[in-house]
Amino acid sequence: MKAVCVYCGSSPGANPIYTEAAQAFGRALVASNLALVYGGGKVGLMGVIADTVMAGGGRAIGVIPELLVDKEVGHVGLTELHVVPDMHHRKKMMADLSDAFVALPGGAGTLEELFEVYTWAQLGYHRKPVGVLNIGGFYDPLMALLDHTVREGFMRQTYRDMLQTDGDPVALIARLKRYHAPAKDKWADLRENV
Ligand code: AMP
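(A) Quick look at the site of the ligand. The ligand sits among 16 residues. The nearest are Ser 10, Glu 72, Gly 107, Thr 110 and Glu 112. Glu 112 is positioned with one of its side-chain polar atoms (N or O) 2.9 Å from a nitrogen atom of the ligand. Contact with the protein chains removes 79% of the 490 Å² of surface that the ligand exposes when unbound. Elements represented by at least two residues in the shell around the ligand include exactly helix H4 (87-97) and helix H5 (108-123). For the shell around the ligand, the element with the highest residue contribution is H5, accounting for 5 residues.

(B) Spatial organisation of the sheet that holds strand E1 (residues 3-7). Ordered by their spatial adjacency, 7 strands build an open sheet running E4-E3-E2-E1-E5-E6-E7, and the pairing between neighbours is parallel. Both edges of this open sheet fall to strand E4 (80-84) and strand E7 (163-166), since each of them pairs with a single strand only. Direction aside, the axes of adjacent strands within the sheet are offset by 25° on average. Pairing geometry for strand E6 (residues 130-133) and E7, over 4 bridges, is parallel. Paired with Gly 131 across the strands is Gln 164, a residue of E7. The strands that H4 touches are E1, strand E2 (35-38), strand E3 (60-65), E4 and strand E5 (100-103); relative to E3, the one it contacts most, it runs at about 160°. Across the sheet, helix H8 (residues 169-178) lies against E5, E6 and E7, angled at about 155° from E7, the strand it touches most.

Reading the values: the criteria
Residue numbering note: each chain is counted from 1, following its sequence as written. In keeping with the predicted nature of the model, local features appear solely for residues at pLDDT of at least 70, side-chain atom pairs appear and are counted solely at 80 or more, and the whole-chain, interface and lining totals rest on all residues. In computing side-chain properties, one takes all heavy atoms of the structure into account and sets aside hydrogens as well as water. By convention in this text, a residue qualifies as near a molecule or strand provided that one of its non-hydrogen atoms is within 4 Å of it. A 3.5 Å cut-off defines polar contacts: any pair of N or O atoms within that distance qualifies, except that in protein one atom must be a possible hydrogen donor and the other a possible acceptor, and neighbouring residues in sequence count only when both atoms are side-chain atoms. Areas reported here follow the Shrake-Rupley algorithm with a probe of radius 1.4 Å; residue values treat only the protein chains shown as occluding. Each helix corresponds to a stretch of at least 4 residues labelled H or I by DSSP, and each strand to a stretch of at least 2 residues labelled E; elements are numbered beginning at the N terminus. Here, any two strands with at least 2 DSSP bridges between them count as paired. The angle between two axes is taken between their N-to-C directions and runs from 0 to 180 degrees, where each axis is a line fitted to C-alpha atoms and a helix contributes only its stretch in contact. For this analysis, residues touch if any pair of their heavy atoms sits within 4.5 Å.

Put into structure tokens, the structure is as follows:
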């Protein structure tokens, strides 16, 4: 594992624990010699984690669409900043550059990005680990909803278990390193039951 893609809020959140978590995750990446790949902005938790990685002597690679360079304040102090034509290019480049994906607390944008890479793992488009840093129980409601989808027969436990969750940055990175993708993708399982 060389680089981890981090999705997180373009806002700082209402509680300082979220900023502290972004700093702690940034420090954990640097300590593990892992580059940060992220959305390239300077706002919210995005800016916090990028600043922490750069201050710690690590590598931070930003990927930002032209339209958002001003809105999300494109970070000029990064190891690399790629300005791309649109959101689709951003998501593809972030995915291609990364060996694992992690969501920190965030809003709809963070959730959208998390669910894209999670569902792509489920479908077998990639075999990279996907995780959630569950600081202060922020993601407990989402985990409860995913467990509900399993109980109600819309997701198999195997795919629920693909999403790595931990409240501690170092422990989460260790989980990502240990991860092995399931042998079968979701469709192989479904075909067997047709
Ligand atoms: P948010 O969690 O809503 O604060 O957004 C965090 C990041 O997700 C920001 O950099 C947004 O530009 C990005 N984002 C918002 N919507 C999308 C989307 N549909 N696809 C990919 N990224 C998005």
